[in-house]
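These are the residues of each chain, in order.
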Amino acid sequence: MIKLYDGGAYLADGMTLIPDDAAAEKTLRDMGVNVTKDEAAKATMAYSILESHNTSGDMANLKIKFDKMTSHDITFVGIIQTARASGLKEFPIPYVLTNCHNSLCAVGGTINEDDHMFGLSCAKKYGGIYVPPHQAVIHQYAREMLAECGAMILGSDSHTRYGALGTMAIGEGGGELAKQLLGKTYDVARPGVVAIYLDGEIAKGVGPQDVALAIIGATFGCGYVKNKVMEFVGPGVDKLSADFRIGVDVMTTETTCLSSIWKTDEKVKEWYEVHGRTDAYKEMKPGKVAYYDGVVYINLSEIKPMIAMPFHPSNTYTIEELNANLADILHETEEKGRKQLSGDVTFTLSDKIRNGKLYVEQGIIAGCAGGGYENICEAADILRGHYIGSDEFTLSVYPASTPIMMQLAKNGTVADLLETGAIVKTAFCGPCFGAGDTPGNNALSIRHSTRNFPNREGSKIQNGQIASVALMDARSIAATAANKGFLTPATDLDIEYTGPTYFFDQKIYANRVYNGYGNPKPEEEIKFGPNIKDWPEMPALTEHVLLKVASVINDPVTTTDELIPSGETSSFRSNPIGLAEFTLSRRDPEYVGRAKAVHEIEIEREKGTCLCKMNDELAGVMSTIKEKFPDVKGKETGIGSTIFAVKPGDGSAREQAASCQKVLGGWANIAKEYATKRYRSNLINWGMLPFVMDEDFAFDVDDYVFVPNVKQAVKNKDEVIKAYVVNKDMKEISLKLGELTDDERTIIEKGCLINYYRD
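Keep in mind that this is a model prediction, so the values were computed, not measured.

So, about helix α4 (residues 76–85). Burial analysis of α4 places eight of its ten residues in the buried class, which makes it a mostly covered element. Within the span of α4, buried status applies to Phe76, Val77, Gly78, Ile79, Ile80, Gln81, Thr82 and Ala83. Residues of α4 that are buried in the fold lie against β5 (68–71), β6 (95–98), α5 (111–126), α7 (174–181) and α28 (753–758). Gly87 sits one or two residues past α4 and shows a positive phi near 105°.

Let's shift gears to the packing of helix α9 (residues 242–249) against helix α10 (residues 266–274). Interaxial distance between α9 and α10 falls to 9 Å at its minimum, and their mutual angle equals 95°. If you check the angle between α9 and α10, you find them roughly perpendicular. Contact residues: α9 offers Ala242, Asp243, Arg245 and Ile246, while α10 offers Lys267, Val268 and Trp271. Considered class by class, the residues forming the contact of α9 with α10 number four nonpolar, no polar and three charged.

This next bit is on the environment of Ala24. By secondary structure assignment, the location of Ala24 is in helix α1 (residues 24–30). Separated by 240 residues in sequence, Ala24 and Thr264 have C-alpha atoms that sit 27 Å apart. Apart from residues no more than four positions distant in its own chain, Ala24 is found in contact with Tyr10, Ile18 and Pro19.

We now examine the packing of aromatic side chains. Within a pair of aromatic rings, the relevant descriptors are the distance that separates the centres and the angle that separates the planes. Across all of its chains, the model carries 20 aromatic pairs by this definition. Judged by centre distance (5.8 Å) and plane angle (20°), the rings of Tyr197 and Tyr297 are stacked. Note that Tyr197 is positioned in strand β11 (residues 193–199) and Tyr297 in strand β15 (residues 294–299), a separation of 100 residues in sequence. An angle of 50° between the planes, with centres 4.3 Å apart, marks the rings of Trp535 and Trp686 as tilted. With Trp535 in the loop between β25 (514–515) and β26 (544–553) and Trp686 in the loop between α25 (677–685) and β31 (689–692), this pair connects stretches of sequence that are 151 residues apart. No difference in accessibility class separates Trp535 from Trp686, as the two residues are buried. Clustering of aromatic rings is evident, with ring pairs tying together Phe91, Tyr95 and Tyr126. In this arrangement the basic side chain of Lys3 is found over the ring face of Tyr5, its NZ or CZ atom lying 5.0 Å from the centre. Over the face of the ring belonging to Tyr359 we find Arg354, whose NZ or CZ atom lies 3.9 Å from the ring centre.

Looking now at the side chain of Asn54. Mapped onto the elements of the fold, Asn54 is located in the loop between α3 (45–53) and β4 (61–64). Polar side-chain contacts of Asn54 include one of 3.4 Å to the backbone oxygen of Asp58. Discounting chain neighbours no more than four positions away, the residues touching Asn54 are Met59, Asn61, Leu62, Lys63 and Ile64.

In this section: the nonpolar core. Soluble, globular proteins show a tendency: their nonpolar side chains are buried together. Of all hydrophobic cores here, the largest spans 180 residues; its most connected members are Tyr95, Ile196, Leu198, Tyr272, Ile307 and Leu395. With seven residues, the single largest contributor to this core is helix α14 (residues 373–383). In this structure, Tyr272 is in contact with Ala147, Glu148, Cys149, Leu165, Thr167, Arg277, Thr278, Ala280 and Tyr281, ignoring residues within four places of it in sequence. One finds Leu563, Ile564, Cys660 and Met688 within the second-largest nonpolar core, a separate group that totals 28 residues.

Strand order across the open sheet formed by six strands is β9-β8-β5-β6-β7-β25, with mixed pairing between neighbours. Single-partner strands in this sheet number two, and they are β9 (168–171) and β25. Inspection of the sheet shows strand β8 (residues 152–155) paired to β9 by four bridges, in the parallel sense. Considered in β9, the bridge of Met152 is made with Met168. Across the sheet, α5 lies against β6, β7 (129–131) and β25, angled at about 155° from β7, the strand it touches most.

This paragraph deals with the sheet that holds strand β13 (residues 259–262). Strand order in the open sheet made by the five strands is β1-β15-β11-β12-β13, with mixed pairing throughout. Strands with a single pairing partner mark the edges of an open sheet, and in this sheet they are β1 (2–4) and β13. Each strand axis lies, on average, 20° off the axis of its neighbour in the sheet, ignoring direction. Here β1 pairs with β15 via three bridges, running antiparallel. Its bridge partner being in β15, Ile2 is matched across the sheet by Ile298. Strand contacts of helix α8 (residues 208–219): β1, β11, β12 (229–233) and β15, with the helix running at about 35° to β1, the strand carrying the most contacts.

This part takes up helix α12 (residues 326–341). Taking 1.5 Å per residue, 16 residues should reach 22 Å; α12 reaches 22 Å between its end C-alpha atoms and fits that length. For α12, every residue scored as buried is listed here: Leu326, Ile329, Leu330, Thr333, Glu334, Gly337 and Leu341. Along α12, the residues classed as buried sweep out an arc of 140° about the axis, all on the same side. Exposed side of α12, more than 90 degrees from the buried face: Asp328 and Lys339 are the residues found there.

On the surface, Glu266, Glu270, Glu273 and Glu283 cluster together into a negatively charged patch. Examined against the element boundaries, Glu270 turns out to sit in helix α10.

α9 packs onto α8 with a crossing angle of 35° between their chain directions and a minimal axis gap of 8 Å. The way α8 lies across α9 gives a crossing that is right-handed. Where α8 approaches α9, its residues Pro208, Val211, Ala212 and Ile215 are matched on the opposing element by Phe244, Gly247 and Val248. Split into classes, the residues belonging to the contact of α8 with α9 amount to six nonpolar, one polar and no charged.

You can see Thr16 is positioned in strand β3 (residues 16–19). Each C-alpha atom, one on Thr16 and one on Pro235, is 9.8 Å from the other, the two residues being 219 residues apart in sequence. Other than its neighbours up to four places away in sequence, Thr16 contacts Tyr10 and Leu11.

Here we come to the pattern of salt bridges. As enumerated under the stated definition, the model contains 39 salt bridges in all. For the salt bridge of Glu378 with Arg475, the shortest nitrogen-to-oxygen distance reads 2.7 Å. Of the two residues, Glu378 is situated in helix α14 and Arg475 in helix α18 (residues 474–482); the sequence distance between them amounts to 97 residues. We classify Arg475 as buried; its relative accessible area is 2%. Taken together, the shared-partner salt bridges connect Lys204, Asp494 and Glu496 into one network.

Backbone torsion omega between Pro310 and Phe311 reads 5°, so that peptide bond is classified as cis. Note on placement: Phe311 falls in the loop between β16 (306–308) and β17 (316–318). Even without being a glycine, Asn227 presents a positive backbone phi close to 60°. Examined against the element boundaries, Asn227 turns out to sit in the loop between α8 and β12. A positive phi is found at Met730, a non-glycine position, where the angle reads about 50°. Take Met730: it is sitting in the loop between β33 (721–725) and β34 (731–735). For Met730, a relative accessible area of 15% gives the class buried.

The rules behind the values
Residues numbered from 1 in each chain as written. Predicted model: local features only at pLDDT ≥ 70, side-chain atom pairs only at ≥ 80, totals over all residues. Heavy atoms only, no water. Buried < 20%, exposed > 50% of the residue type's maximum accessible area, 1.4 Å probe, protein only. Helix = DSSP H or I, 4+ residues; strand = E, 2+ residues; numbered from the N terminus. Contact = heavy atoms within 4.5 Å. Axes fitted to C-alpha atoms, helices over the stretch in contact; angles between N-to-C directions. Parallel < 35°, antiparallel > 145°, perpendicular 65-115°, else oblique. Nonpolar A, V, L, I, M, F, W, Y, C, P; charged D, E, K, R; others polar. Phe/Tyr/Trp six-rings, centres within 6.5 Å; stacked < 30°, edge-to-face > 60°. Lys NZ or Arg CZ within 6 Å of the ring centre and 35° of its normal. Polar contact = N/O pair within 3.5 Å; in protein donor to acceptor, adjacent residues only side chain to side chain. Core = buried A, V, L, I, M, F, W, Y, C linked by side-chain atoms within 4.5 Å. Pairing = 2+ DSSP bridges. Expected span 1.5 Å × (residues − 1). Arc of directions from axis to C-beta. Patch = residues over 30% accessible without salt bridge, like charges linked within 9 Å, V, L, I, M, F, W, Y side chains within 5 Å. Areas by Shrake-Rupley, 256 points an atom, 1.4 Å probe, with all protein chains shown as cover. Salt bridge = Lys/Arg side-chain N within 4 Å of Asp/Glu carboxyl O. Lys, Arg positive; Asp, Glu negative; His and termini not counted. Charge placed at Lys NZ, Arg CZ, Asp CG, Glu CD. Left-handed = near helix turned anticlockwise from the far one by under 90°.

In structure tokens:
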């Protein structure tokens, strides 16, 4: 079904793969091709797009300027506040502010709608584009109105992926968007490019989520495409509709790749024509011979309906395999889950077996992954004439945009779905991150959405609640709904799919979306609700740092949803201090109190109080330090908290995963590695030291780690920085910062991106 090449490969004429082995040179010569590996690497679509957007003149070290940007109402307030504090005058490129996350305006009083009014007033003042709540989810609007072949888009949401439409898109933390608003660049080493070679043709009933989950299951654990660009090629691409490609593409984020790009053809051209943007299309394909750093070979004919069991999109099985080994796989999933949940709740799945079949309590088809036109039409075809029943099982369907909803209403699909007992709702991302359709305690929800991390559906472990999500394709969710909640792959049903034509109504956006790009109104007053707060002052890096370990997380991977929960916390995203109270609340509820206690000490130190006079514990720590470093002065030694996590940062691009730590006085993370580039970038942009360590060391909460001369080490670009665990007999450890640009080093020295631009 899927094969990962051991090394790189050449692709000739977009069709023939030639492994990079001892015979490759002869094979190319026999084909009449005379090209070096370096020359062939420049023939990828990814290289061409990156080269056209690079301003550094050095393709090894890129400085990218994007064509357009997108944010939603969990992220745009913080981004604009950061840019305002750094001297923002107007938006230099089209910047779309969608309102698809904090759309439940009854939650938290007026604060969500206050954020929306902040966004509208900023779109007027700075010349932005404002999409009101329930009009579209962020990525569907970008597909419909922003994507264009050969362009680059930066978004403050991790699922910023428009590669199927010929657009290289990257999801990053808010700091990177603030840089673009200030005319700066996105700095990154040239990424590797991996060919995703599609062959064969999908079977009836198999959907894009099935293909995506198969790819994620094959690549996530081994990091095959981590921080690389996935380039979709091969004859199988031609057999997929544009909507199908989009459904696969949006899920590439879950492989931890940097971005994606697909070859384009008449089907993509037709997609742009339907949306009234013919000029946005151009044919894109690799050169005659292109070189890739790796290959993921996929035979689409062998893809079967898939399911990603809790609690990660890579925990994949075919539904057929799950049903055949139900008790064993459920038991294995329970064991994994209990370790991940640290025993805080009772997590069971085995009780879902009824008469030898798996029963689920909820189905959701929603958002940027599931809410596409074809997904919903084919789900309706499966459900037509059936009823979901009157037991626990429920089904909710969220079209990804109002234009999609309009066409589904016109062609009768909405009526067909409602007749089955399903509920059709407006465009909203809530079910994807835990702000809507939370199932009951111990319930299992099957969702065509993007993630199934713990608590992702909205339950609260700290309150003894646990529900879980399994990811599936809309077609198999519909088949399960037709079977009244008993897990059923869509391929078990003989369905004639109707394939109704899609018509895009441009008037919906033209009459409702505010488009102020190119027409800023400096006289416009920004509307601030009482919950919208400025960023607090951030201290600069001191000569030495003393870090107190405030949390130790030994899980193999720590998600951003664990670092800063989604769901109910989203209402505080415009209030940095209020939001920080939720940091690690579902993973380590004691963290906030520990971090605050350290932060209070730093505040006193900045006032001139000697560290050795703060308390007996610190007096002992400073005494131990001075035995080895007698010249160290407390006034030159900042004290802050740190967390240790094996591999933090998988998942969302939300900068709050880092900024909340900084607001609470966090000065560093210590990790074995970082799950994503975007989380590491967030740490850097908030002035935090992104330490990694190769050696194994058993940190304990309340350990003190002293890092002498760290400021000079950052300036000197030291590869290894010596540090000492003070309360363990001054145990020496080696820390690394990894590759940092000169700007990133200065940002860390200054204390954060805001300070960097302000100075």
